[in-house]
Amino acid sequence: MRGKKVTVSVLLPWELNEKLKALAAGCGRTRSAYIRQILRRYLRYVETRDDPEGPRVDWEI
């Protein structure tokens, strides 16, 4: 997903922010990159969840 980007602000509970920071650091990503990956996979899941023969979304990041 290259190209134009926009900034989005989200208020997170402190605990969720800490979990995201730790998970992102554990796989060598920034928090923003980790959140983008989560959103990409979720959108792929939403787009394909009703297709029983469609691809399964791998939630491992």
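Residues numbered from 1 in each chain as written. Predicted model: local features only at pLDDT ≥ 70, side-chain atom pairs only at ≥ 80, totals over all residues. Heavy atoms only, no water.

**Q** Which residues make up the side chain of Asn17, and what are the values?
**A** Structurally, the position occupied by Asn17 is in helix H1 (residues 14-26). Residues in contact with Asn17, not counting those within four places in the same chain, are Leu12 and Arg31. (Helix = DSSP H or I, 4+ residues; strand = E, 2+ residues; numbered from the N terminus. Contact = heavy atoms within 4.5 Å.)

**Q** Tell me about the pattern of salt bridges, residues and numbers included.
**A** Summed over the entire model, instances satisfying the criterion amount to one salt bridge. A salt bridge links Lys21 to Glu18; its shortest N-O distance comes to 3.2 Å. One end of the pair, Lys21, and the other, Glu18, are both in helix H1, three residues apart, so they sit about a helical turn from each other. Residue classification places Lys21 among the partly exposed residues on the basis of a relative accessible area of 37%. (Salt bridge = Lys/Arg side-chain N within 4 Å of Asp/Glu carboxyl O. Buried < 20%, exposed > 50% of the residue type's maximum accessible area, 1.4 Å probe, protein only.)

**Q** Any details on a nonpolar patch on the surface? Residues and values, ideally.
**A** A cluster of nonpolar residues, Val6, Val8, Val10, Leu12, Leu16, Ile35 and Leu39, forms a patch on the protein surface that exposes about 630 Å² of accessible area. Along the chain, Leu16 falls in helix H1. Exposure remark for Leu16: the relative accessible area of 38% places this residue in the partly exposed category. (Patch = residues over 30% accessible without salt bridge, like charges linked within 9 Å, V, L, I, M, F, W, Y side chains within 5 Å. Areas by Shrake-Rupley, 256 points an atom, 1.4 Å probe, with all protein chains shown as cover.)

**Q** Talk me through the packing of H1 against helix H2 (residues 31-48); I want residue IDs and the actual numbers.
**A** Taken N-terminus to C-terminus, the directions of H1 and H2 make an angle of 95 degrees; their axes are 9 Å apart at the nearest point. The angle between H1 and H2 falls in the class roughly perpendicular. Contacts between H1 and H2 pair Asn17, Leu20, Lys21, Leu23 and Ala24 from the former with Arg31, Tyr34, Ile35 and Ile38 from the latter. For the contact of H1 with H2, a count of residues per class yields six nonpolar, one polar and two charged. (Axes fitted to C-alpha atoms, helices over the stretch in contact; angles between N-to-C directions. Parallel < 35°, antiparallel > 145°, perpendicular 65-115°, else oblique. Nonpolar A, V, L, I, M, F, W, Y, C, P; charged D, E, K, R; others polar.)

**Q** So what's going on with H1? Residues and values would help.
**A** With 13 residues, H1 extends 18 Å between its outermost C-alpha atoms, agreeing within 8% with the 18 Å of an ideal straight helix rising 1.5 Å per residue. Buried residues of H1: Asn17, Leu20 and Ala24, and no others. Along H1, the residues classed as buried sweep out an arc of 65 degrees about the axis, all on the same side. For H1, the exposed residues lying more than 90 degrees away from the buried face are Trp14, Glu15, Lys19, Ala22, Ala25 and Gly26. Where the residues of H1 are buried, they touch H2. (Expected span 1.5 Å × (residues − 1). Arc of directions from axis to C-beta.)

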